[in-house]
There are 2 protein chains.
Amino acid sequence: MTTVDPAPRRRMRADARRNYERLLAEAATIFAEHGVEASLEEIARRAGVANGTLYSHFPTRQALLEALLRDRMQALSDKARDLLDHPSADEALLIWARAAMAHTTVYRGLVTSLMRSIEDETSHLHAACQAVLTAGEQLLNRAQAAGGMRADVTASDLYALINSVSWVGEQTSPAQGERLLAFGIDGMRSATDSR
Amino acid sequence: MTTVDPAPRRRMRADARRNYERLLAEAATIFAEHGVEASLEEIARRAGVANGTLYSHFPTRQALLEALLRDRMQALSDKARDLLDHPSADEALLIWARAAMAHTTVYRGLVTSLMRSIEDETSHLHAACQAVLTAGEQLLNRAQAAGGMRADVTASDLYALINSVSWVGEQTSPAQGERLLAFGIDGMRSATDSR
DNA sequence: TTGCTAAGTTGAGGCTGTCTCAATATATTT
DNA sequence: AAATATATTGAGACAGCCTCAACTTAGCAA
């Protein structure tokens, strides 16, 4: 409901807009290189502005992350919607789970923020995470209706699974993350399922 | 093989021993309160010594953690050995996995250190983690021989699973962690198994 | 064009934390 | 009671977070 405006209330001054964009661009680069705990001072430095400017645009690290991820998270929710048309409900869920995993691991350390944000309603990322969870829930429900997934699996279980395997992928190797995802999903399948 | 001496090479001076113990005790308290990223200065302060003393006893945070966990990790390895006598191989594995999870969540943030340490051979905790992994492997192998677990599951898979569900437990709730553990183990079971 | 003002930027400064090392102190040995 | 090996100390160098009073500038209106 009360999502933050992507384009702020009143139009920004030209220089402000420029700095805002520049900060986002540098943040993307630096987070990709050093993870989401990278120095904010460094980002400001590389963007050619004083740290105060960074803080005025993005009061917290979360706010910066939120701005950086907005589009990507929207895309992930959209993708879930699209996959509702996929012929196999089970396969659709697996495809989406992998996509979610890929999204969650773009920046090192991101998964922890995303996991925290679903719990913490005051988080800048909360709404976006909630949307992703709900999107996943649609796919899950369809798979359950089709009989492929156990009825007692919740959207929270799915969200937690995706995040936990993303965390593993980040800590060890993407392949290890993928393996755990496969085991986890298998464990959530209905007993009648073979394999 | 080349484990670090629990009681250092030559006997410590009395005052050194006293400070060492004091630091460990305070670290246990403070890590329990604030997680493993708690301030080392604070630990030194509460132990009534200068920070240099802390650093001289424990050159890194990992070293401190290692000293703090040594006994507990040994106990976990021992427990695996004991459980090899349990009548049900499957049940033994599950019991141990839960114990491992409990161990892994004594301090907030610990799970990340433990996961890093299995990968990083230079880590102070590496040997202890390796021992735990090997201990788990025994239980896993027995369960596989008994036909309860898929043959393609590795000790690394098991280690990763335990850590990932511990991480979830830490981020959300222990109950959520438990749920994921159940799903994960189920996914690792042989197809012939019911449920 | 010029001046006005709201909007935006600056960067020093306070804070916490990590880690080091020369000077100092003390336990133990002889 | 030295002598010596062993420990402890704490200031200091550095980095990062965040704030805010002083300053600068874009954009508008006269």
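Computed from a prediction, not measured in an experiment: that's the story for all the values here. (Residues numbered from 1 in each chain as written. Chains lettered and ligands numbered in written order. Predicted model: local features only at pLDDT ≥ 70, side-chain atom pairs only at ≥ 80, totals over all residues. Heavy atoms only, no water.)

A separate point is the relation of the copies chain B and chain A. Each of the two copies of the chain can be brought onto the other by a rotation about an axis and a shift along it. Note on the identical chains: chain B maps onto chain A by a rotation of 180° and an axial translation of 0.0 Å, with an RMSD of 0.1 Å. Such a combination of rotation and displacement between the chain copies is what one expects of a two-fold axis. Measuring from the rotation axis to each C-alpha of chain B, the shortest distance belongs to G187(B), at 1.9 Å. Take the interface residues of chain B: 100% of them recur as interface residues in chain A, which is what a same-surface contact looks like. (Least-squares fit on C-alpha atoms with pLDDT ≥ 70 in both. Contact = heavy atoms within 4.5 Å.)

Tallying the contact residues gives 29 residues for chain B and 29 residues for chain A. Summing both sides of the interface, chain B and chain A together bury roughly 2300 Å²; the carbon and sulfur share of this comes to 64%. When the buried area of chain B at its contact with chain A is split by residue, W167(B), Q171(B) and F183(B) rank highest and sum to 26% of it. Between the two partners, chain B and chain A, sit 4 salt bridges. Residue D186(A) pairs with R150(B) through a salt bridge whose shortest N-O separation is 3.4 Å. Joining chain B to chain A, the criterion identifies 8 residue pairs in polar contact (both at pLDDT 80 or more). If you list the elements that add at least two residues to the side of chain B that touches chain A, you get α6 (110–119), α8 (155–171) and α9 (174–188) of chain B. With 9 residues, the single largest contributor to the side of chain B that touches chain A is α8(B). By residue class, the composition of the side of chain B that touches chain A is 11 nonpolar, 10 polar and 8 charged. (Buried area = accessible area lost by both parts, 1.4 Å probe. Salt bridge = Lys/Arg side-chain N within 4 Å of Asp/Glu carboxyl O. Polar contact = N/O pair within 3.5 Å; in protein donor to acceptor, adjacent residues only side chain to side chain. Helix = DSSP H or I, 4+ residues; strand = E, 2+ residues; numbered from the N terminus. Nonpolar A, V, L, I, M, F, W, Y, C, P; charged D, E, K, R; others polar.)

All names here are of chain A. For chain A, the assigned domains are domain 1 (14–57) and domain 2 (61–188). Using C-alpha coordinates to define each centre, domain 1 is positioned 27 Å away from domain 2. Around 1100 Å² of area is buried between domain 1 and domain 2 when both sides are counted, 66% of it from carbon and sulfur atoms. Summed over the three residues of domain 1 that lose the most area to domain 2, namely L24, F31 and V36, the buried surface amounts to 48% of that side. Our count for the contact surface shared by domain 1 and domain 2 stands at 4 residue pairs in polar contact (both at pLDDT 80 or more). Listing elements by their share of the side of domain 1 that touches domain 2, those giving two or more residues are α1 (14–34) and α2 (40–47). A per-element tally of the side of domain 1 that touches domain 2 places α1 first, with 8 residues. A class-by-class count of the residues in the side of domain 1 that touches domain 2 yields 10 nonpolar, 2 polar and 2 charged. (Domains from an automatic or database assignment.)

What follows covers the pattern of salt bridges. Enumeration over the complete set of coordinates arrives at 29 salt bridges over all chains. In this structure, R179(A) and D157(B) form a salt bridge, with 2.5 Å as the shortest nitrogen-oxygen distance. Pair noted here: R179(A) is in helix α9 (residues 174–188) and D157(B) is in helix α8, and the two residues belong to different chains. Look at R179(A) and you get partly exposed, because its relative accessible area is 32%. One salt bridge in this structure joins R46(B) and E26(B), with 3.8 Å as the shortest N-O distance. Taken together, the residues R46(B) in helix α2 (residues 40–47) and E26(B) in helix α1 (residues 14–34) connect sequence positions 20 residues apart. When salt bridges that share partners are traced, they join R22(A), E26(A), E33(A), E42(A), R45(A) and R46(A) into one network. (Buried < 20%, exposed > 50% of the residue type's maximum accessible area, 1.4 Å probe, protein only.)

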